[in-house]
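The residues making up each chain are set out below.
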Amino acid sequence: MLNQLDQLEREALAQLAEAGDAAALEAWRVTYLGKKSRLMTILGDLGKLPPAERPAIGRRGNEVKRALEAAYAERVAALKQEELERSLTAAPLDVTLPGRPVEIGRLHPVTQTLREIYAVCAEMGFQVYRSREVETDEMNFQLLNIPPHHPARDMWSTFYTTVPGVILRTHTSPGQIRVMRAYCPEPIRVILPGMCYRYEQITARSEIQFTQVEGLAVGRHITMADLKGTLVEFARRMFGADRRYRFRASYFPFTEPSAEMDIECVICDGKGCPVCKYTGWVEILGAGMVHPVVLRNGGYDPDVYSGYAWGMGPQRITMLRYQINDIRYFWENDLRFLEQF
Ligand code: PHE
């Protein structure tokens, strides 16, 4: 029996030296140290031996077991080391290679303009007020002094929904009513940015979906002079102090008097070009003193309160600032265009 153990040990150690990978090592462990291995069987059956032989066989058996376990652990560690060395030499890691460039996204040019508008308006005391894009006919038209069938509706070709009286807003002006009703009788100074929709032919100058920024100030003793001062200051900060501006009389049902503001064409510096249709001027916004009917619809007594409002297109402003000649670029999602900003 003792001879058998010696031989077992020699055989196991020899086999272990041959085991070259994890699978072979595991097979070896099962064969020589597993529950059904010869060694374990001998140790398990000690009780069946004559009492005189038990101590010697038991001692030697445990010795062999410890020796095999130690040799096994050593071999596992050695193999691991070998593998590590192999992987390090096989695919050497070049730490001097430049990293893969990370593509950095950017804000859409219109979003950049919007944020500048927010910043300039914030300095002048205007808060941002968000209003809904899906509106009622009542808010978008009637409360803004545009009754059903009024010819002024032709100014806004409308997307109707299948729900009677519910439309996509054609301008940000319905937000005027919502803001007035929310704050009445407090004084108001807000801008209302957001998407508007018009059922129109898509051309280089108009899209069916576009952003507007509405401005609204309501309080006591507000005059046309406040309107002009605010808008000229706004335009100076957006386009530079040297540009010239002009106001032209205009018509909107919800303002009285109404005006439109032009900026000296930034493309030709006022000399005349296709963008300004050879006039030297480009329209940037519509504005006016809030109509008494609209003030009343918002909850304000027009004998006590007055206000001014304007509406402008950040896309148009972006086009002027960057000399973009077609509004359709903004929605095309062509990276060659967007990456320039
Ligand atoms: N809502 C008008 C438009 O979309 C612009 C405007 C706003 C005019 C506020 C006057 C006052 O054409």
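Counting of residues starts from 1 at the beginning of each chain's written sequence and follows it residue by residue. Confidence filtering applies because this is a predicted model: local features only for residues at pLDDT of at least 70, side-chain atom pairs given and counted only at 80 or more, and all residues used for totals across whole chains, interfaces and linings. Where side-chain values are given, they derive from all heavy atoms of the structure, hydrogens and water being excluded.

### Thoughts on the packing of aromatic side chains
Centres within 6.5 Å are what make two rings of Phe, Tyr or Trp a pair, Trp counting through its six-membered ring; a difference in plane orientation under 30 degrees is then read as stacked, over 60 as edge-to-face, and the rest as tilted. Following the criterion strictly, the structure yields 14 aromatic pairs and no others. Seen from their ring centres, tyrosine 300 and tyrosine 305 are 5.1 Å apart, and the 80 degrees between their planes marks the pair as edge-to-face. The pair formed by tyrosine 300 and tyrosine 305 is uniform in burial state, with each residue classed as buried. With a centroid separation of 5.1 Å and an interplanar angle of 65 degrees, the aromatic rings of phenylalanine 337 and phenylalanine 341 are classed as edge-to-face. For the pair phenylalanine 337 and phenylalanine 341, one class covers both residues: buried. Geometry around tyrosine 305 places arginine 220 over its ring, the cationic atom sitting 5.2 Å from the centre. To sort residues, take the accessible area from a 1.4 Å probe on protein chains only and compare it with the maximum for the residue type: under 20% means buried, over 50% means exposed, and anything in between is partly exposed. Should the NZ of a Lys or the CZ of an Arg lie within 6 Å of a ring centre and within 35 degrees of the ring normal, that charge is described as sitting over the ring.

### Quick look at a negative patch on the surface
Only residues whose relative accessible area exceeds 30% and that form no salt bridge enter a patch; like-charged residues are grouped when within 9 Å of one another, and nonpolar side chains (Val, Leu, Ile, Met, Phe, Trp, Tyr) when within 5 Å. Method for areas: the Shrake-Rupley scheme with a 1.4 Å probe, in which residue coverage is limited to the protein chains shown. Here a salt bridge means any side-chain nitrogen of Lys or Arg lying within 4 Å of a carboxyl oxygen belonging to Asp or Glu. Note that His is not counted, nor are the chain ends; the positive residues are Lys and Arg, and the negative ones are Asp and Glu. Where a charge lies is defined by one atom per residue type: Lys uses NZ, Arg uses CZ, Asp uses CG and Glu uses CD. Taken together, Asp21, Glu82, Glu83 and Glu85 make up a surface patch of like negative charges. Helix and strand assignments follow DSSP, with helices taken as H or I runs no shorter than four residues and strands as E runs no shorter than two, numbered in order from the N terminus. Note that glutamate 82 resides in helix α4 (residues 54-90). Residue classification places glutamate 82 among the partly exposed positions, given a relative accessible area of 37%.

### Concerning the site of the ligand
Every one of the 15 residues lining the ligand counts as a neighbour, but His171, Ser173, Arg198, Gln212 and Glu214 are closest to it. In the analysis that follows, any N or O atom pair within 3.5 Å is treated as a polar contact, provided that within protein one partner can donate a hydrogen and the other can accept it, and provided that, for residues neighboring in sequence, both atoms belong to side chains. At 2.9 Å from a nitrogen atom of the ligand is found a side-chain nitrogen or oxygen belonging to histidine 171. Arginine 198 places a polar side-chain atom, nitrogen or oxygen, 3.0 Å from an oxygen atom of the ligand. Protein burial of the ligand: of its 320 Å² of free accessible surface, 93% is covered by the chains. For the shell around the ligand, the secondary structure elements donating two or more residues are β5 (209-219), β8 (281-290) and β9 (306-312). Per-element tally for the shell around the ligand: the top contributor is β9, with 3 residues. Here the shell around the ligand is built from residues that sort into 6 nonpolar, 7 polar and 2 charged. One heavy atom within 4 Å of a molecule or strand makes the whole residue count as near it. Residues are sorted three ways: Asp, Glu, Lys and Arg are charged, Ala, Val, Leu, Ile, Met, Phe, Trp, Tyr, Cys and Pro are nonpolar, and all the rest, Gly among them, are polar.

### Points about the packing of helix α1 (residues 2-18) against α4
In this analysis, axes come from line fits to C-alpha atoms, helices being fitted only over the stretch in contact, and the angle between any two N-to-C directions falls in the range 0 to 180 degrees. Their axes nearest at 10 Å, the elements α1 and α4 cross at an angle of 5 degrees. Considered as vectors, α1 and α4 are oriented roughly parallel to each other. Contacts between α1 and α4 involve Leu2, Leu5, Asp6, Glu9, Ala12, Leu13, Leu16 and Ala17 on the former and, on the latter, Ala56, Ile57, Arg60, Gly61, Val64, Ala67, Leu68, Ala71, Tyr72 and Arg75. Along the lines of polarity and charge, the residues of the contact of α1 with α4 split into 13 nonpolar, 1 polar and 4 charged. Here the angle decides the label: under 35 degrees means roughly parallel, over 145 means roughly antiparallel, 65 to 115 means roughly perpendicular, and every other value means oblique. Should any heavy atoms of two residues lie within 4.5 Å, those residues are considered in contact.

### Quick notes on the nonpolar core
Nonpolar cores were defined as sets of buried Ala, Val, Leu, Ile, Met, Phe, Trp, Tyr and Cys residues, with membership established by side-chain atoms within 4.5 Å. Ranked by size, the top nonpolar core spans 43 residues in total, and within it Phe239 and Trp310 carry the most contacts. For this core, the elements supplying multiple residues, two or more each, are α5 (109-123), β5, α8 (224-239), β7 (255-264), β8, β9, α10 (314-322) and α12 (335-338). Apart from residues lying up to four places away in sequence, phenylalanine 239 is in contact with Tyr245, Ile263, Ile284, Ile317, Leu320 and Arg321. Listed in part, the 24 residues of the second largest apolar core include Phe141, Ile167, Val218 and Phe252.

### Notes on the pairing of strand β6 (residues 245-252)
A pair of strands is labelled paired if DSSP reports no fewer than 2 bridges between them. The sheet contact formed by β6 and β7 spans 7 bridges and is antiparallel. Opposite arginine 248, over in β7, you have glutamate 260 as the bridge partner. Where β6 folds back on β7, the antiparallel hairpin that results is connected by 2 residues.

### What about the domain arrangement of the protein chain?
In this entry, domain limits derive from an automatic or database-based domain assignment. For the protein chain, the domain assignment lists domain 1 (2-90) and domain 2 (109-338). Averaged C-alpha coordinates put domain 1 and domain 2 at centres separated by 87 Å.

### Examining the pairing of strand β4 (residues 188-197)
Of all 10 residues in β4, 9 are buried, a share of seventy percent or more. In this structure, strand β1 (residues 127-128) lies alongside β4, joined through 2 bridges in parallel fashion. Residue pairing in the sheet places valine 128 in a bridge with isoleucine 191 of β4. In terms of strand pairing, β4 meets β5 through 10 bridges, oriented antiparallel. In the sheet register, arginine 189 faces β5, and the bridge partner there is alanine 217.

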